[in-house]
Amino acid sequence: MTGCATGGIALPYNEQSITSVRRWSPKTFSFTTTRPEGFHFENGQFVTLGLRREGRLIPRAYSIVSDPREPDLEFLSIHVPDGQLTSQLAELEVGDSVWINSKVTGSLTLDHVLPGRNLYLLATGTGIAPFISLIRGDQVFEHFERVILVHSVRTAPELSYRQEIEHRAGDRLRYVPTVTREAHANNRRGAELFRNGELFRMLDLPPADPDQDRVMLCGNPDMNREMTDFLKAAGWTMTNYKGVGNFTVEQAFVGTRAGD
């Protein structure tokens, strides 16, 4: 394993190379990297990656967009102009180096919710990243009759992976994009559509039922908090160290998520 040192302490990071870059909008981009030898992960997990600048590692947590069967690793990022890491990541080109930790984790895997009828994936901004990994895999469709992916962003170009999702969509995968800051067919926030029941009417589905359905949340802190409070008040149980529930939320990326 290739290691790097920060402050004299060896860390389990591997130096990898950028293999592609895609700009989705002025504030969002994705990139792929080579994959460290022996690097294993599950759909929906995240890893810490970073850049070395002046002998110091600048790390942040990023969801892995890839399916584990893919040879490269893919990540989605927001570009914060004055961000310590993202401002530099946004300037990377093919062949440049990034450092990737060997440890993966995260609460948006199939192990974190019970199997059920419908799985609702509610994302804002770059919070869609782990959900792309999930729908690229096969297991999510073995655990659930139907997957409903709801993605809320401020502007239409931020609907990253839209073409891929629409290509995969059908009766087993339903896709609801929403845009909140410019003209669009749907200007309502996805979490609001879920809470007021309009989402189920739009899709001709029964209202979400904690006994049968499951929810995963990944996005800005307000959405995560509002939906968590709403679900708990409605009788849903969040997965925690005491056991597996019927909804789960990822809060590891609140500093890098964007969207409404």
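What you see is a predicted model, and the numbers here were worked out from it, not measured in a lab.

Student: I would appreciate a short explanation of the pattern of salt bridges in the present structure.
Tutor: Close approach of charged atoms allows side chains with opposite charge to pair. Evaluated as defined, the whole model comprises 13 salt bridges. Across the pair Arg-195 and Glu-226 runs a salt bridge whose closest N-O atoms are separated by 3.8 Å. In this pair, Arg-195 sits in helix H5 (residues 190-196) while Glu-226 sits in helix H7 (residues 221-233), placing the two residues 31 residues apart along the sequence. Here Arg-195 falls in the partly exposed class, since its relative accessible area comes to 31%. The class for Glu-226 is partly exposed, based on a relative accessible area of 40%.

Student: I tried to follow the sheet that holds strand E11 (residues 173-179) on my own but got confused; where do I start?
Tutor: Two pairing modes exist for strands in a sheet, parallel and antiparallel, and in both the strands are linked by backbone hydrogen bonds. Spatially, five strands are ordered E11-E10-E9-E12-E13 in an open sheet, and the strand pairing comes out parallel. This sheet does not close on itself; its edge strands, each paired only once, are E11 and strand E13 (247-250). Ignoring strand direction, the axes of neighbouring strands in this sheet form an average angle of 10°. As paired strands, strand E9 (residues 116-124) and strand E12 (residues 214-218) are joined by five bridges and run parallel to one another. Directly across from Leu-121, in E12, lies its bridge partner Met-216. Helix-sheet contacts for H7 involve E9, E12 and E13, and the interaxial angle to E12 is about 160°.

Student: Please clarify how the packing of aromatic side chains should be interpreted in this entry.
Tutor: The geometry of two aromatic rings is summed up by the distance between their centres and the angle between their planes. With the rule as written, the count across this model stands at eight aromatic pairs. Considering the side-chain rings of Phe-39 and Phe-41, the 6.0 Å spacing of their centres and the 50° angle between planes classify their relative orientation as tilted. Considered together, Phe-39 and Phe-41 belong to a single accessibility category, that of buried residues. One aromatic cluster is present, built from ring pairs that chain together Tyr-120, Phe-194, Phe-200 and Phe-230.

Student: Explain helix H2 (residues 129-136) here, please?
Tutor: Residues lying three or four places apart along an α-helix face the same way, a consequence of the helix completing one turn every 3.6 residues. Judged by how many residues are buried, H2 sits mostly within the fold: eight of eight residues are covered. Buried residues of H2: Ala-129, Pro-130, Phe-131, Ile-132, Ser-133, Leu-134, Ile-135 and Arg-136, and no others.

Student: For this particular structure, what's the right way to read the pairing of E11?
Tutor: With six of its seven residues buried, E11 lies for the most part within the structure. Two elements, strand E10 (residues 144-153) and E11, share seven bridges in a ladder whose sense is parallel. Bridging across to E11, Val-150 finds its partner in Val-176. Note on the crossover from E10 through helix H4 (residues 162-168) to E11: the handedness is right-handed.

Student: What's the story with the sheet that holds strand E3 (residues 13-25) in this structure? I'm lost.
Tutor: Strand order in the open sheet formed by six strands is E6-E5-E8-E3-E4-E7, with antiparallel pairing between adjacent strands. The open sheet terminates on both sides in strands that have one partner only, identified here as strand E6 (56-63) and strand E7 (73-78). Each strand of the sheet is rotated relative to its neighbour by a mean of 40°, with strand direction disregarded.

Student: Is there a simple way to think about H7 in this case?
Tutor: The end-to-end C-alpha distance of H7, which contains 13 residues, comes to 18 Å, matching closely the 18 Å that a straight helix rising 1.5 Å per residue would cover. Buried residues of H7: Met-223, Asn-224, Met-227, Thr-228 and Leu-231, and no others. Projection of H7 onto a plane perpendicular to its axis shows the buried side chains occupying an angular sector of 125°, all on one side. Among the residues of H7, the N-terminal cap falls to Asn-220, whose side-chain oxygen and the backbone nitrogen of Asp-222 are separated by 3.1 Å.

Parameters at a glance
- Residues numbered from 1 in each chain as written.
- Predicted model: local features only at pLDDT ≥ 70, side-chain atom pairs only at ≥ 80, totals over all residues.
- Heavy atoms only, no water.
- Salt bridge = Lys/Arg side-chain N within 4 Å of Asp/Glu carboxyl O.
- Helix = DSSP H or I, 4+ residues; strand = E, 2+ residues; numbered from the N terminus.
- Buried < 20%, exposed > 50% of the residue type's maximum accessible area, 1.4 Å probe, protein only.
- Pairing = 2+ DSSP bridges.
- Axes fitted to C-alpha atoms, helices over the stretch in contact; angles between N-to-C directions.
- Contact = heavy atoms within 4.5 Å.
- Phe/Tyr/Trp six-rings, centres within 6.5 Å; stacked < 30°, edge-to-face > 60°.
- Right-handed = clockwise from strand over helix to strand, strands pointing away.
- Expected span 1.5 Å × (residues − 1).
- Arc of directions from axis to C-beta.
- Polar contact = N/O pair within 3.5 Å; in protein donor to acceptor, adjacent residues only side chain to side chain.

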